[in-house]
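Letter by letter, the chains look like this.
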Amino acid sequence: MATATMEAPQLAVNKRAPTAEDTQIHQTHHGGFRAMSGEYNYWCDTIEGKIPKDLSGTFFRNGPGRMSVGNDQFGHWFDGDGMVSAITFHDGKVHYKNRFVRTPKYVKETQVGHIAFRGFGTMRHGGALKNMLRPPANPANTNVVYHGNKLLALYEGGHPFELDPNTLNTVGEYFYDGQLGVQNTFSAHGKVHPKTGNFFNFGIGFTGFSRQGLKSKVDFYKVSPNGRLVKKVALPVKGSLPFLHDFAITENHAVIVVSSIVMEGMLKCALGIKTIADSTVFDDRQPAQVIVLDLNTLEEVERFELSPMGVIHFGNAWEEKGDIIFELIRFNDFGLFQALKNVISAPKVEGAEFIRCNINLKQATMKIDSLDMPNSEFPTWNNQYTGLKNRYTYSVSTLDNGTGTYFNSVLKRDQQTGDVKLKDFGPGKFTTEAIYIPSSERIGEDDGYVSSVIYDADKGLSEIAVLDAKDLSDIARVKLSHHIPHGFHGHYAPDVFL
Ligand SMILES: [Fe+2]
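Model, not experiment: these values are computed from the prediction.

(A) Representation of the overall build of the chain within the structure. Helices and strands together make up the secondary structure of the chain, namely five helices and 36 strands. Here the C-alpha atoms of the chain give a radius of gyration of 21 Å, agreeing with the 23 Å that 2.2 N^0.38 yields for 498 residues. For the chain, the spread of C-alpha atoms along the principal axes amounts to about 60 × 60 × 45 Å. Per-residue burial for the chain yields a buried fraction of 60% across its 498 residues. A sequence separation of at least 24 residues applies to 61% of the contacts in the chain between residues at least 6 apart. Total accessible area computed for the chain in this model is approximately 19300 Å², and 51% of it derives from carbon and sulfur atoms. Looking at the chain, you have 51 positive and 55 negative side-chain charges, and the mean spots of the two groups are 4 Å apart.

In structure tokens form, the structure reads like this:
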């Protein structure tokens, strides 16, 4: 069921001329964290290069659109209010629109002009009593997916929010016709199975208390191609409440890695003394737990432990000669998490080691290979190959190009030859996740395009990069009249939403 539309005061809706703030020179990526001051809806008229006719559809992106309200600064990047952009490619033209997600948090805080909700790393005013037993508010800021004719803004600590794909107006919090319980969470990294059209996702929860603290579980969901949540299971996990952000699917299995990033001392969180962010640690004594599920039945088929490691994002996964192979960005310490907490002022944000894990279930052995894509984050691939063996993998990287304070380049690896191509956006240009967009006419795995939002620190403005997926060369650059704050994730739908 969907709740009624929630509205907040309207902001500007037209294209505007750059302001003095936009055009002041910034030396680093930090200016890209300032708030989006308007909501826009316009055809882009400044395009370098030419938009190919076979680039058709809508590239949605989500991310924190503002990190403060009134004089109050949110305490963590993960608490910024979700703002969704829709970049629509149609007949050689590009249309841009954006809307903040009208969550209860956004609506109320916009009305009162100060922080009114507790967050992942944010406390309400008034001390422990005002925060006690209050779960973090859902800013709907992490990802967006179009599946089962629904456009959903996602955040792992709560429910999805349904948006109108044409207008980006918020329809309301989404419960999959009541199948998603009030206590269930729904991660931002669900995966659409390209062969069945099913959408798989998970959520973290707890089932009670033990002497060691909270008893944790992973809920796992299967959503049919027409958008019905048809099956869910609860999987108990050992140890402290895990920070579980992403997972992988093969053609027949889900691979869940409960890493060594955990939330400890949750009693202090519950009492309103400590934030969840301050309770999240890398516990190098806690082994990573790998859980393998059958995608058809959702039954657990394997569970084993790996050496302690931190994982936030996964690459693709597939099955080969009975082995399960999955790729991920592996962290051996907590450095990135610390940088994310203070991301607005962190001197440098970079990725980590992109690895491939090859698990032989019969022999109970695992082999790990480096993918030679250093400093990587936000791994992506042609989603038509999700769960299937793919040849090409993409990521973004922090390159030392003179202003290497944040992701500023795209890497492409050919799994067959090991060849790695690099696209350096140049000094003062920063990006986040670059996604693969298939050609509407050609079907080869890298016959399409790679697109990402670039923040030009010198101008204080953003642009949409369209690269040739074959060699990462520039095809077009769509220059916007404003910036888009650094975001998290995006989703491409072949539909032309305007
Ligand atoms: Fe993510």
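Picking up after the structure, the text goes on.
(B) Geometry of the environment of Gly335. In this structure, Gly335 sits in helix α5 (residues 335–341). For the pair Gly335 and Val349, spaced 14 residues apart in sequence, the C-alpha separation works out to 9.2 Å.

(C) Focus on the side chain of Thr275. Inspection of the secondary structure puts Thr275 in the loop between α3 (266–270) and α4 (276–279). Residues within four places of Thr275 in sequence aside, it is in contact with Arg118, Phe120, Gly121, Thr122, Met123 and Cys269.

(D) Quick look at helix α2 (residues 104–112). Residues Lys105, Tyr106, Val107 and Glu109 constitute the buried set of α2. In this fold, the buried residues of α2 make contact with β3 (57–66), β4 (68–69), β6 (81–90) and β7 (93–100).

(E) Up close: the sheet that holds strand β25 (residues 353–360). Sheet architecture is open: four strands sit in the order β23-β24-β25-β26, paired in antiparallel fashion. Looking at the sheet topology across the chains shown, the edges are occupied by β23 (310–320) and β26 (365–370). Going from strand to strand, the sheet's axes swing by 25° on average, the running direction of each strand aside. Taken together, the six bridges between β25 and β26 define a ladder with antiparallel strand orientation.

(F) Quick peek at the packing of aromatic side chains. Applying the stated criterion across every chain yields a total of 21 aromatic pairs. Judged by centre distance (6.2 Å) and plane angle (20°), the ring pair of Phe200 and Phe220 falls under stacked. Within this pair, whereas Phe200 is found in strand β13 (residues 199–210), its partner Phe220 is found in strand β14 (residues 213–223), the two being separated by 20 residues in sequence. Exposure remark for Phe200: the relative accessible area of 1% places this residue in the buried category. What makes Phe220 buried here is its relative accessible area of 0%. Following the ring pairs from residue to residue traces out a cluster consisting of Phe33, Trp77, Phe78, Phe120, Phe378, Tyr406, Phe407 and Phe488. Of note, Lys105 hangs over the ring of Phe74, and the distance from its end group to the ring centre comes to 3.7 Å.

(G) The confidence of the model for the chain, seen in detail. For the chain, mean pLDDT is 91; residues scoring 70 or higher make up 94% of the total. Low pLDDT (under 50) marks residues 1–16, which in the prediction has 55 contacts with non-local residues, meaning those over four places away or in another chain.

(H) Just the pattern of salt bridges, in detail. Within the structure shown, the criterion is met by 33 salt bridges. Its salt-bridge partner being Arg391, residue Asp414 comes within 2.8 Å of it at the nearest N-O pair. A residue pair is termed long-range when its members are at least 10 positions apart, and Asp414 in strand β29 (residues 409–414) and Arg391 in the loop between β27 (376–380) and β28 (392–397) qualify at 23 residues. The class for Asp414 is buried, based on a relative accessible area of 10%.

(I) Representation of the coordination of the iron ion in the model. Ligation of the iron ion by protein atoms is provided by His189 (NE2), His245 (NE2), His313 (NE2) and His489 (NE2), these donors lying 2.0 to 2.2 Å from the ion. Here the iron ion is ringed by four donor atoms whose angles at the metal span 89 to 163°, and the overall shape comes out irregular. Considered as a linear motif, the donors of the iron ion on their single chain read H-x55-H-x67-H-x175-H. In this pair, His245 is assigned in the loop between β16 (241–242) and β17 (248–249) and His313 in strand β23, connecting sequence segments 68 residues apart. Judged by its relative accessible area of 8%, His245 falls in the buried class.

(J) Main features of the pairing of β29. Across the six residues that make up β29, a large majority, six, are buried. Between β29 and strand β30 (residues 420–424), which pair antiparallel and follow one another directly, the connecting turn spans five residues, one of which, Gly418, has a positive phi of 80°.

(K) Spatial organisation of the pairing of β13. One ladder, built from two bridges, connects strand β12 (residues 191–192) with β13; its direction is antiparallel. Residue pairing across strands places Lys191 opposite Phe200, the latter belonging to β13. Linkage of β12 to β13, two consecutive antiparallel strands, is achieved through a turn of six residues, within which Gly197 is found at a positive phi near 80°.

What counts and what doesn't
- Residues numbered from 1 in each chain as written.
- Predicted model: local features only at pLDDT ≥ 70, side-chain atom pairs only at ≥ 80, totals over all residues.
- Heavy atoms only, no water.
- Helix = DSSP H or I, 4+ residues; strand = E, 2+ residues; numbered from the N terminus.
- Rg over C-alpha atoms; globule rule 2.2 N^0.38 Å.
- Buried < 20%, exposed > 50% of the residue type's maximum accessible area, 1.4 Å probe, protein only.
- Contact = heavy atoms within 4.5 Å.
- Areas by Shrake-Rupley, 256 points an atom, 1.4 Å probe, with all protein chains shown as cover.
- Lys, Arg positive; Asp, Glu negative; His and termini not counted.
- Charge placed at Lys NZ, Arg CZ, Asp CG, Glu CD.
- Pairing = 2+ DSSP bridges.
- Axes fitted to C-alpha atoms, helices over the stretch in contact; angles between N-to-C directions.
- Phe/Tyr/Trp six-rings, centres within 6.5 Å; stacked < 30°, edge-to-face > 60°.
- Lys NZ or Arg CZ within 6 Å of the ring centre and 35° of its normal.
- pLDDT = per-residue confidence, 0-100.
- Salt bridge = Lys/Arg side-chain N within 4 Å of Asp/Glu carboxyl O.
- Donors = N, O, S within 2.8 Å, 3.2 Å for Na, K, Ca; no water.
- Tetrahedral: all angles 85-135°; square planar, octahedral: opposite > 155°, others 65-115°.

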